[in-house]
Amino acid sequence: MGDKQTTTVTDRDRRRILGLMIAGGAVGGVSSLPVAAQDGAAGNEIRNSLLWAVAYKQTAAEFYALCHQAYNLARMRIDLALAEHASGDRPLAVITDMDNTILHALSYWGHLINEGMDFFDDATWDEWLPNNLITSVPGSNDFFNYCEEQGVEVFYVTSRNQGERTFEYALAHLKHLDFPFAREENLFVFRETSDKSPARQKIEESFEVALTLGDNLNDYRRDYYVRDVDERRALMERDRDDWGTRFILIPNPTDGHWVRAIFGESEPAPTDDNRRILKDAATRVAWNGAE
Ligand SMILES: [Mg+2]
């Protein structure tokens, strides 16, 4: 992802060593680990706080149905835009995010869990990404091919930073998955910022943007880029009529700026303080067990 790396080598080494100790029987099991190690979740793959979200991504037919639902709706909106489009109008275009919108990174998340990690790890992401292990989000290829058939231009806008070769890797992903318009002119890569609005402004100079697709509010409007959970939600509600009409959203329970709203940063460090913050977020509303 675009934000700076937060995991230290020491953290990773500590997790690997503990994982090896458990695998080799050097410790009797989770219950015999020192309290500090349990709190740290190090090497503790079966108590990893990412498991539910990643299992949902890896297995739930409902997750894939939501992807199809999004792309089916996108097609309906394009048909409407085409029907309303007059010959003198600017040509129609679609803007789409890449990660978690048109491509999935399932083996990255599976690898993190096998490594005993319970937070997004930027170093692992940068190592994993050039291997083209991505898969298409269900419905995405059909939709973008339909756009091409109908004369609707597709622009890919992503915020990624894998150094000098970032653009090359992103373009390779589009080509690897056989997406149409997989060429330099249709790809915008922001390495130093998650602000995608300059791409939108540039595209709108020549095109009428019929639809924007993403998995993160920031993919649609920069003013969603706020850190407060309630403020973010209120901004989304302000634009409630845009969801499913101008904006098409793919669900993503593992990462994005919803994480930033909880922790204050998109890629929080794997610390017990942050695990407590996650627990507080998950118990924001909680029954007291008595009434
Ligand atoms: Mg994304």
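Residues numbered from 1 in each chain as written. Predicted model: local features only at pLDDT ≥ 70, side-chain atom pairs only at ≥ 80, totals over all residues.

A. Inspection of the overall build of the chain at higher detail. The helix and strand tally for the chain stands at twelve helices and seven strands. Of all 291 residues assigned to the chain, the portion counted as buried reaches 29%. (Helix = DSSP H or I, 4+ residues; strand = E, 2+ residues; numbered from the N terminus. Buried ≥ 20, exposed ≤ 12 C-beta atoms within 10 Å, placed from the backbone.)

B. Structural context of unusual backbone geometry. In the Ramachandran plot, aspartate 178 falls in the positive-phi region, its phi being about 60 degrees despite a non-glycine side chain. Relative to the helices and strands, aspartate 178 resides in the loop between α8 (166-176) and β5 (187-190). The backbone phi angle of phenylalanine 181 is positive, close to 55 degrees, even though this residue is not glycine. Within the element layout of this structure, phenylalanine 181 appears in the loop between α8 and β5. Overall, phenylalanine 181 belongs to the partly exposed group, with 18 C-beta atoms counted inside 10 Å.

C. Examining the nonpolar core more closely. Counting residues in hydrophobic clusters, the biggest one holds 30 residues, and the most contacted among them are Ala70, Ala74, Ala93, Val94 and Ala210. The dominant element in this core, judged by the number of residues it contributes, is helix α4 (residues 61-84), at five residues. For alanine 70, the contacting residues outside a window of four places in its chain are Gly139, Ile248, Leu249 and Ile250. (Core = buried A, V, L, I, M, F, W, Y, C linked by C-beta atoms within 7 Å. Contact = placed C-beta atoms within 7 Å.)

D. Highlighting the sheet that holds strand β1 (residues 92-96). What the five strands build is an open sheet, ordered β5-β4-β1-β6-β7; its pairing is parallel. Only two strands of the sheet have a single partner each, and these edge strands are β5 and β7 (247-249). The mean inter-strand angle of the sheet, taken between neighbouring strand axes irrespective of direction, is 20 degrees. Pairing of β1 with strand β4 (residues 153-159) involves four bridges; the strand directions are parallel. Each bridged residue has a counterpart across the sheet, and for alanine 93 the counterpart in β4 is glutamate 153. Packed on one face of the sheet, α4 meets β1, β6 (208-214) and β7 and runs near 175 degrees to β6. Across the sheet, α8 lies against β4 and β5, angled at about 140 degrees from β5, the strand it touches most. (Pairing = 2+ DSSP bridges. Axes fitted to C-alpha atoms, helices over the stretch in contact; angles between N-to-C directions.)

E. Summary view of the environment of glutamate 265. Relative to the assigned elements, glutamate 265 resides in the loop between α11 (257-263) and α12 (272-282). Under the C-beta neighbour-count criterion, glutamate 265 is labelled partly exposed, with 14 such atoms within 10 Å. Sequence separation between glutamate 265 and arginine 227 is 38 residues; the distance between their C-alpha atoms is 8.1 Å.

F. Geometry of α4. Compared with an ideal rise of 1.5 Å per residue, which puts 24 residues at 34 Å, α4 spans 35 Å between its outermost C-alpha atoms and is within 8% of the ideal. Inspection of α4 places Cys67, Ala70, Tyr71, Ala74 and Ala81 among the buried residues, and these make up the whole buried set. (Expected span 1.5 Å × (residues − 1).)

G. Molecular detail of the packing of helix α3 (residues 51-59) against helix α5 (residues 106-114). Relative to each other, α3 and α5 sit at 145 degrees, their axes nearing to 10 Å. The chirality of how α3 crosses α5 is left-handed. Counting all contacts with α3, which are made through Leu51, Val54, Lys57 and Gln58, the residues of α5 involved are Leu106, Trp109, Gly110 and Ile113. When grouped by side-chain class, the residues that make up the contact of α3 with α5 number five nonpolar, two polar and one charged. (Left-handed = near helix turned anticlockwise from the far one by under 90°. Nonpolar A, V, L, I, M, F, W, Y, C, P; charged D, E, K, R; others polar.)

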